[in-house]
Amino acid sequence: MKVILQQDVKGQGKKGQMIEASDGYARNFLIPRKLAVAATADNLNTMKLQEKARKAHEAAEKAEAEEIAQKLQGCTVKIAAKAGAGGRLFGAVTSKEIAEGLKAQFDIEIAKAKIVQDEPIKGFGAYQVKCKLGHEVTGTINLVVAEEK
């Protein structure tokens, strides 16, 4: 019996996939638990429309991520931090501070979890910080850490 999975089913397939399942397994387990629906013409059309909508949504998200990456190239975020003797910072510049600086200075919103720091920033100077924007699109944030007056 051909069925279309409504959710991921371990050992069978992913959501939206059409699989061949035994009649008893489909009728007694998958369909009553709403894990799958029978592969009728209406359900196949619905599956194709959902797949088309999902691909359009992914394309829009990827375009948005690429647009943000382009915006990041032209901007330099300036962050003021307190320092002690020898030019070392009290603490470190965090992803949260970088995200807040981007929002305040350039009105670009990036989640702090998407900002990747190889090592913590504990000194003054210019840095380049990578950020993963999704859909295999990465951007570079130019960052300047200056002493707070």
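Read on for an overview of the structure.

Reading guide: rules and limits
Residues numbered from 1 in each chain as written. Predicted model: local features only at pLDDT ≥ 70, side-chain atom pairs only at ≥ 80, totals over all residues. Heavy atoms only, no water. Helix = DSSP H or I, 4+ residues; strand = E, 2+ residues; numbered from the N terminus. Rg over C-alpha atoms; globule rule 2.2 N^0.38 Å. Buried < 20%, exposed > 50% of the residue type's maximum accessible area, 1.4 Å probe, protein only. Contact = heavy atoms within 4.5 Å. Areas by Shrake-Rupley, 256 points an atom, 1.4 Å probe, with all protein chains shown as cover. Lys, Arg positive; Asp, Glu negative; His and termini not counted. Charge placed at Lys NZ, Arg CZ, Asp CG, Glu CD. Phe/Tyr/Trp six-rings, centres within 6.5 Å; stacked < 30°, edge-to-face > 60°. Expected span 1.5 Å × (residues − 1). Pairing = 2+ DSSP bridges. Axes fitted to C-alpha atoms, helices over the stretch in contact; angles between N-to-C directions.

## Things to note about the overall build of the chain
The helix and strand tally for the chain stands at 3 helices and 9 strands. In sequence order, the chain lays out its α and β elements as β-β-α-β-α-β-β-α-β-β-β-β. Taken over C-alpha atoms, the radius of gyration comes to 24 Å for the chain, far larger than the 15 Å a tight globule of 149 residues would show. Projected onto its principal axes, the C-alpha coordinates of the chain cover approximately 75 × 25 × 20 Å. The proportion of buried residues among the 149 residues of the chain is 28%. Looking at the chain alone, contacts between residues at least 24 apart form 50% of all its contacts between residues at least 6 apart. As displayed, the chain has an accessible area near 10100 Å², and 51% of this comes from carbon and sulfur atoms. Between the centroid of the 24 positive side chains of the chain and the centroid of its 19 negative side chains there is a distance of 4 Å.

## Let's talk about the packing of aromatic side chains
Following the criterion strictly, the structure yields 1 aromatic pair and no others. Aromatic pair Y25 and F29: ring centres 5.4 Å apart, planes at 10°, arrangement stacked. Here F29 and Y25 lie together in helix 1 (residues 23-30), a separation of 4 residues that amounts to about one turn.

## Focus on the environment of V93
Locating V93 in the fold gives a position in strand 5 (residues 88-93). Placed 13 residues apart in sequence, V93 and A80 show a C-alpha to C-alpha distance of 9.4 Å.

## Details of helix 3 (residues 95-106)
Here helix 3 spans 16 Å end to end across 12 residues, near enough to the 16 Å set by a 1.5 Å rise per residue. Where helix 3 is buried, its residues meet helix 2 (41-73), strand 4 (76-81), strand 5, strand 6 (115-116), strand 8 (125-134) and strand 9 (137-147). Immediately beyond the C-terminal end of helix 3, within one or two residues, lies D107, with a positive phi of roughly 55°.

## A word on the environment of G24
Tracing the backbone through its elements, the reader meets G24 in helix 1. Separated by 125 residues in sequence, G24 and K149 place their C-alpha atoms 74 Å apart.

## Quick look at the sheet that holds strand 3 (residues 36-38)
The 3 strands lie next to each other as 2-1-3, forming an open sheet whose pairing is antiparallel. The sheet is open, and its two borders are formed by strand 2 (18-20) and strand 3, each paired with just one other strand. The mean angle between the axes of side-by-side strands here comes to 40°, regardless of whether they run parallel or antiparallel.

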